[in-house]
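The chain contents come next:
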Amino acid sequence: MTRRSRPHLLYVAALLLCAQPLAAQRVQYTINSGWRYHADGLNLAEKPANSDETWERVNIPHTWNASDPFDDTPSYRRGVSWYRTRLPLDQAMSGKRIFLHFEGVNQVADVFVNNAFVGRHEGGYTAFTFDVTKLVKFGGENVVAVQVDNSHNPFIAPLSVGFALYGGIYRDVWLVATDLLHFTMSDFGSSGISVRTEGITSAKATVRVAGGVVNDGTSRRAMIVNTILDAAGAAVATTSGSPTTYGASSEFGATLDVAKPHLWSPEEPYLYTLRSEIRDGATIIDRVDTPFGIRSIAFDGQGLKLNGAKYQLRGTNRHQDYAGLGSALSNDLHRKDMEIIKEMGANFVRLAHYPQDPAVLEAADRLGLLIWEEIPNVNYMTPDPRFVHNAETMMREMIHQHRNHPSVIVWGTMNEIFLWGPGAYRIGKQNDTAYMRQARDFAAHMDSLTRAEDPTRYSAMAIHG
C-alpha cells in the first residue's frame, strides 16, 4: 500500500479483508482522521465513558505548537495534552493480530485502548508499535487515547534545542492487522526485515536478508520465500527455506545473488525491492516489501568513495518544520523539501538533529540524496544511566527503522554537546572536566553501540571548539 492518509471507516477494513487474493496477508492503513484533542492534562481522560465532545476536532499529523514558537511571547507551550479517536474494527478482522504503529509522537506517549494501558514510548523522533490484540473488540468501536507530554525531561534528549520541541502526534498513525503467523512487529518499530548488500562487482552482488517470524497461534508449518524484484517489477533472484514448523518465534536468514547489478548512486538512484513472504503452500500468509539499493561506501584519507570511485559531497541540512504547521507536515511537504534540495544541485543532506519522517528517507532513496541521520543528543547531555538508556534506545530504533535505505551512509551520535551548560544556556567554553570525561565516555559507548548495530555504515558526531 502507499503511504497516503486514509480514513479509518468500517467499510475500509471490510473492503480490504474481502479482496482476494490478499485476504491472508496483512492489512494496513492510516488512522489519521477524526481525532479529538484536549490542550491540557486530565484525570481519567482515557476512560471511554468520559465524554470528549467538547474537545477540538483534529486530524493527524497535529502539533499544539504550530504557532506559539513564532509569536512575540517568549517560549512556547510544553506540557501534557490528550488525543482520542474511535476506531471501528470489522468482525472479519477477528482472529488477526492488531497493532498500532505511530511514526512519531513528541515526546512521551502513553497509549490506552478501551481504558487499558497499552504502553509508553519515550523519544519524539522515532516510530513505535504496540500490540493491542487482546484489548480491542471486533464488530464495534474502540476508543484509542494517547496522553502526550513534551515537557522538559532531563533524561530524554534533546535537553536544549535551537528549534522548537513541538508537542503532539505529528506523524502518521497506522493500524496493522496480520495473521497469527507473521513477520515480527516488535523490532524497535521497524518492519522486522534487514537487507545488506556486499561483495559488489559489475558481475554480481550478494544480498543478505535477516528477520524474525512470530507465531501467536498453534504450531504451524510454513516456508519463507524471499524474491528480489528489479525496478520494473521483474524477479531477478529468489530463494526459499524448507517448510518449518513455527511454534512461537524464530529468526531467519537468506542469501541471494543479483547478476549484473544496477548500482545505486545520486546520479542513478536505482531501487530494487525485496519481497519477503510467509507461505503455506500456495497461500501467502504475510508479505513485507522492502525497497533497497545496491551500493558500496568507504571513507579514507581522500574522502568518500561511492561504488569504488572518489565522490565529492555537496550538501545542506534540513529541519522538519514549516511556518503555520510546525512539525505536523504532510508527506508531500516532506518530499517537497527533498526535491528542492535535489533541484539546487546537492547530493548530500544532514538530517539535523533527529531521525525524520519515513517520507524523507523514501524521497532520498528515490531522488538520489546521500544522508547523515542522527539522534537528538544536542548541546549537552545528562550523565545519568537513564539518559544513556534512552539514547541507546533512540539509536537502535533509528538504525532498525532506516537501515534498509541506500541513501543513509552515516549515523550521527551527537551534536555539539559542549555548547551549553547544565543550566540550559550557551557557554563560551566548557571547563567542567568531570562532565567532559563523562561526555567522552558516552561518545565512545554510543560509537561502539552504533557500529555493533550496523557495521556496514559509518558513525560520526558534530563537535565545536
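Check the entry above for the structure.
Fair warning: this is a prediction, and the values are worked out from it, not measured in the lab. Going along each chain's sequence as written, the residues are numbered from 1 onward. Reporting of local features is limited, given that this is a predicted model, to residues whose pLDDT is at least 70; pairs of side-chain atoms are given and counted only at 80 or more, and all residues count toward the totals for whole chains, interfaces and linings. Side-chain metrics in this entry use all non-hydrogen atoms of the structure; hydrogen atoms and water are not considered.

Considerations on the packing of aromatic side chains
Inference 1: Any pair of Phe, Tyr and Trp rings, taking the six-membered ring for Trp, is counted once the centres come within 6.5 Å. Such a pair is stacked with planes under 30 degrees apart, edge-to-face with planes over 60 apart, and tilted for the rest. Within this structure, the stated rule accounts for 13 aromatic pairs.
Inference 2: On the numbers, 4.6 Å between centres and 15° between planes, the contact of Tyr125 with Tyr354 is stacked. Here Tyr125 is found in the loop between strand E8 (116–122) and strand E9 (128–131), whereas its partner Tyr354 is found in the loop between strand E26 (348–351) and helix H3 (358–367), with 229 residues between them in sequence.
Inference 3: A network of ring pairs unites the aromatic residues Tyr37, Trp64 and Tyr83 as a single cluster.
Inference 4: Against the face of Trp64 rests Arg77, its NZ or CZ located 5.0 Å from the ring centre.
Inference 5: Comment: the charge-over-ring label is applied if NZ (Lys) or CZ (Arg) is within 6 Å of the ring centre and within 35 degrees of the ring normal. Cation over ring: Arg386 sits above Phe155, and NZ or CZ is 3.7 Å from the ring centre. A run of H or I in DSSP becomes a helix once it reaches four residues, and a run of E becomes a strand once it reaches two; helices and strands are each numbered from the N terminus.

Brief notes about unusual backbone geometry
Inference 1: Omega for the peptide link from Ile60 to Pro61 comes to 10°, which places this bond in the cis form.
Inference 2: Here Pro61 shows up in the loop between strand E3 (56–58) and strand E4 (80–89).
Inference 3: A cis geometry characterises the amide bond from Ala352 onward to His353, with omega recorded as -15°.
Inference 4: Structurally, His353 can be placed in the loop between E26 and H3.
Inference 5: Although it is not a glycine, Glu416 adopts a positive phi angle of roughly 50°.
Inference 6: Position of Glu416 among the secondary structure elements: in the loop between strand E28 (408–415) and helix H5 (433–453).

A short note on the sheet that holds strand E27 (residues 370–374)
Inference 1: Sheet architecture is open: five strands sit in the order E25-E26-E27-E28-E29, paired in parallel fashion. Both edges of this open sheet fall to strand E25 (315–318) and strand E29 (458–462), since each of them pairs with a single strand only. For this sheet, the mean inter-axis angle between neighbouring strands, taken without regard to orientation, is 25°.
Inference 2: Sheet strands in contact with helix H2 (residues 331–343) are E25, E26 and E27, and its direction is about 160° off that of E25.
Inference 3: Here, two residues are considered to be in contact whenever any of their heavy atoms come within 4.5 Å of each other. For helices, the fitted line uses only the C-alpha atoms of the stretch in contact; every axis is such a line through C-alpha atoms, and the angle between N-to-C directions lies from 0 to 180 degrees. Most of the contacts of helix H4 (residues 385–402) go to E28, to which it runs at about 165°, and overall it touches E27 and E28. Paired strands, as defined in this entry, are two strands with at least two bridges between them according to DSSP.

Quick look at the pairing of E26
If a strand is regular, its side chains alternate between the two faces of the sheet.
Inference 1: Residues Phe348 and Arg350 point to one face of E26 and Val349 and Leu351 to the other, with burial holding for every one of them.
Inference 2: With four bridges joining them, E25 and E26 adopt parallel strand pairing. Each residue of the ladder has a partner; that of Gly315, found in E26, is Phe348.
Inference 3: Handedness is read with the strands pointing away from the viewer; a crossover is right-handed when the path from the first strand over the helix to the second is clockwise. With H2 bridging E25 and the parallel E26, this β-α-β connection has right-handed handedness.
Inference 4: As defined by bridge partners, E26 adjoins E27 across four bridges and the pair is classed as parallel. Residue pairing in the sheet places Arg350 in a bridge with Trp372 of E27.
Inference 5: Following the backbone out of E26, through H3 and into the adjacent parallel E27, one traces a crossover that is right-handed. Under the scheme applied here, a residue whose accessible area is under 20% of the maximum for its type counts as buried, over 50% as exposed, and between as partly exposed, the area being computed with a 1.4 Å probe on protein chains only.

Let's talk about the nonpolar core
Inference 1: Within the largest apolar cluster, 38 residues are counted, with the highest numbers of intra-cluster contacts made by Met338 and Ile371.
Inference 2: Those elements giving two or more residues to this core turn out to be H2, E26, H3, H4, E28 and H5.
Inference 3: Discounting residues that sit within four places of it in the chain, Met338 has contacts with Val349, Val360, Ala363, Ala364, Leu367, Leu369 and Ile371.
Inference 4: The set of buried Ala, Val, Leu, Ile, Met, Phe, Trp, Tyr and Cys residues whose side-chain atoms join them within 4.5 Å is what this entry labels a nonpolar core. Core analysis: the next-biggest nonpolar cluster, separate from the first, contains 31 residues, Trp35, Val58, Tyr83 and Val136 among them.

Details of the packing of H2 against H3
Two measures define how a pair of helices packs: the angle their axes make with one another and the distance between the axes.
Inference 1: Taken N-terminus to C-terminus, the directions of H2 and H3 make an angle of 35°; their axes are 9 Å apart at the nearest point. When the axes of H2 and H3 are compared, the crossing they make is right-handed. Where H2 abuts H3, its residues Asn331, His334, Arg335, Met338, Glu339 and Lys342 lie against Ala359, Val360, Ala363, Ala364, Arg366 and Leu367. We call a crossing left-handed when the near helix sits turned anticlockwise from the far one by less than a right angle, and right-handed when that turn is clockwise.

A word on H4
Inference 1: With 18 residues, H4 should reach 26 Å at 1.5 Å per residue; the first-to-last C-alpha distance of 26 Å fits that figure.
Inference 2: Within H4, burial applies to Phe387, Asn390, Ala391, Glu392, Met394, Met395, Glu397, Met398, Ile399, His400, Gln401 and His402.
Inference 3: Where H4 is buried, its residues contact E8, H3, E27, E28 and H5.
Inference 4: N or O atoms within 3.5 Å of each other form a polar contact, as long as, within protein, one can give a hydrogen and the other can take it, and as long as residues adjacent in sequence are counted only when both atoms are side-chain atoms. Sitting at the amino-terminal end of H4 is Asp384, which places a side-chain oxygen 2.8 Å from the backbone nitrogen of Arg386. The span you would expect from a helix comes to 1.5 Å times its residue count less one.

Considering the sheet that holds strand E24 (residues 309–311)
Inference 1: Spatial strand order, E22-E23-E24: three strands in an open sheet with antiparallel pairing. The sheet is open, and its two borders are formed by strand E22 (297–300) and E24, each paired with just one other strand. On average, each strand axis in the sheet is tilted by 40° relative to the strand beside it, whichever way the strands run.

Keep in mind these numbers describe shape, not what the thing actually does.
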